[in-house]
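Structural overview
Each chain, letter by letter, is given below.
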Amino acid sequence: MAQTVLVQPPLRAGGKEPNFLQRFGHAFAHGDIFTKLSFVIWGLGYIGHGQLIKALLVTLVQGLGLYYLAVAGVPNLAKFGTLGTVQMEMVFNPITLKNEVNDYDNSFAILLLSVIAMVVIAAMLAAAMGVVMSNFHLQQIRAAGKKTNNFAQDIHMFLNEKFYVTLLTLPVLGVVVFTIVPLFILIAVAFTNYDQQHMPPNALFTWVGLTNFFTLFGGGQSLSLTFGYAFGKILVWTLVWAFFATFTTFFGGVFLAMLINDKKTKFPKLWRTLFMVTIAVPQFVTLLLVRNFFSDNGIFNTMMSNIGVTDFLHAVGILSPGMDHIPFLTEASWAKVMIILINIWVGVPYQMLIATGVLMNIPSDMLEAARIDGASPWQQFIHIKMPYLLSVQGPALVTDFVKNVNNFNVIYLLTQDVYVTTDQAMASSSAKEVDLLVTWLFRLTQEQYNYKMAAVIGIMVFIVCAVFTVVCFRFINRKEAAFS
């Protein structure tokens, strides 16, 4: 009896394993008729290789995907180029003798269902390639004279050695449904004229190309100039805010942790508990209370007036003569400083807990050796504690910076209904000097229904965060490689 030789996919240059497409191409080229047919009808390959239950399941999945494409996917993809041409209107029905709504197109529904159809097509294509490779594997097992697993054995395998696949299936589906599809829709909306004048279902919107991006960066028209002006100022403030909000809380938490853990500090557990209690209070409650404290008629302004601070600021020229209060949250410069200071107060306790855990893991013999060698506390901090903190918390700092770029709560809750812009160019773009990109995006959608420009700003936020993350992680990886 002739021995069957199993054909393996060739290794890539440098001895690397073949990628997904190479493995699929190899399986399709060397597969039998059942393996090849499984690319078109998924169940045929499994039927030919004796896997009837698996054939039924994959055929059911393929049937559901094809059903969606036939019922909703393809009809909407056919309209994707125009996003609909029939606008909603009342039409007289001679049969019922009543005015009825016509069979209109909904631009957003067309966009949404088309994007879902594209994702389904891509997923089905990838699944078909996976089915081909799976059938080729079964073909090789049978050609070697071995027995293939039955359905019960496959279930056992996915509950044991391949349990990671079982665990990741639901999260991956969640990422596709709640992250990838909305992200594609956000990107698509940025290339349309979807706004208050083109609001489905009463009106249609359509593709406008790069017009919205030209508007954001100042394309020459008056609206473009104001949007470009507002975008430049808000982008600079967003980056300044993210930098200070990240590093002031980080270093504040580190110094507070060192102070509490110092041997000279009395009752360290009490102080640590008090700061932990502040974390338990919901942030929005804290911010709303602080907003009231620092309002023009708030308790803090009253205290400053009573102790003469307001008069002193008048005397040195910091406050104008007609102002009887300190504009903590109602004037741009004051508000930006106060927002950063309030964020320090809100964010330092959390960073203090993290820093405490990291500092407690520094080897004590290393610090003791430094003290014996005559290193001062400052030198120990600079050369031992800080490098150790940064090596452990480097990725967390990058994450915190990105989080602060999108820190909606602090800015919105402190300034909403309090700060009123005096800059007409900013106001015409529905922006305020204290806005971050994310709060500006929120105002555009919730107050002006300007979804097209909000989508463009959303893309800009993603680009800023992505570029910063990539650059920082490359720097961190190089540092780790240098130390290793």
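Look above for the structure.
Residues numbered from 1 in each chain as written. Predicted model: local features only at pLDDT ≥ 70, side-chain atom pairs only at ≥ 80, totals over all residues. Heavy atoms only, no water.

1. Things to note about the pattern of salt bridges
Quick note on the threshold: Put simply, a salt bridge is a Lys or Arg side-chain nitrogen that is within 4 Å of an Asp or Glu carboxyl oxygen. Runs of E in the DSSP output that reach at least two residues are strands. Runs of H or I that reach at least four are helices, and both are numbered from the N terminus. Only protein chains enter the accessibility calculation, which uses a 1.4 Å probe; a residue whose area is less than 20% of its type maximum is buried, one above 50% is exposed, and one in between is partly exposed.
Summed over the entire model, instances satisfying the criterion amount to six salt bridges. Between Arg371 and Glu368 there is a salt bridge; the shortest N-O distance is 2.8 Å. Separated by three residues within a single helix, Arg371 and Glu368 lie in helix H15 (residues 364–372), roughly one turn from each other. A relative accessible area of 44% places Arg371 in the partly exposed class.

2. With respect to the packing of aromatic side chains
Note the threshold: Under the pairing criterion, centres of Phe, Tyr and Trp rings, with the six-membered ring standing for Trp, must be within 6.5 Å; the plane angle then separates stacked pairs below 30 degrees from edge-to-face pairs above 60, leaving the rest tilted.
Taken as a whole and judged by the stated rule, the model has 26 aromatic pairs. Look at Phe408 and Phe442: their rings are 5.0 Å apart centre to centre, the planes differ by 65 degrees, and that puts the pair in the edge-to-face class. Of this pair, Phe408 sits in helix H17 (residues 408–415) while Phe442 sits in helix H19 (residues 437–446), and the two are 34 residues apart along the sequence. Under the relative-accessibility criterion, Phe408 is labelled partly exposed at 22%.

3. Section: the environment of Asp400
The condition that has to hold: It only takes one pair of heavy atoms within 4.5 Å for two residues to be counted as in contact.
Among the structural elements, Asp400 can be located in helix H16 (residues 377–405). Accessibility expressed as a relative area gives 13% for Asp400, which makes it buried. In the structure, Asp400 is positioned 158 residues away from Ala242 in sequence and 8.4 Å away in space, judged by C-alpha atoms. If we skip the residues at most four places from it in the chain, Asp400 touches Thr246 and Gln351.

Function cannot be read off these values alone, since they describe shape.
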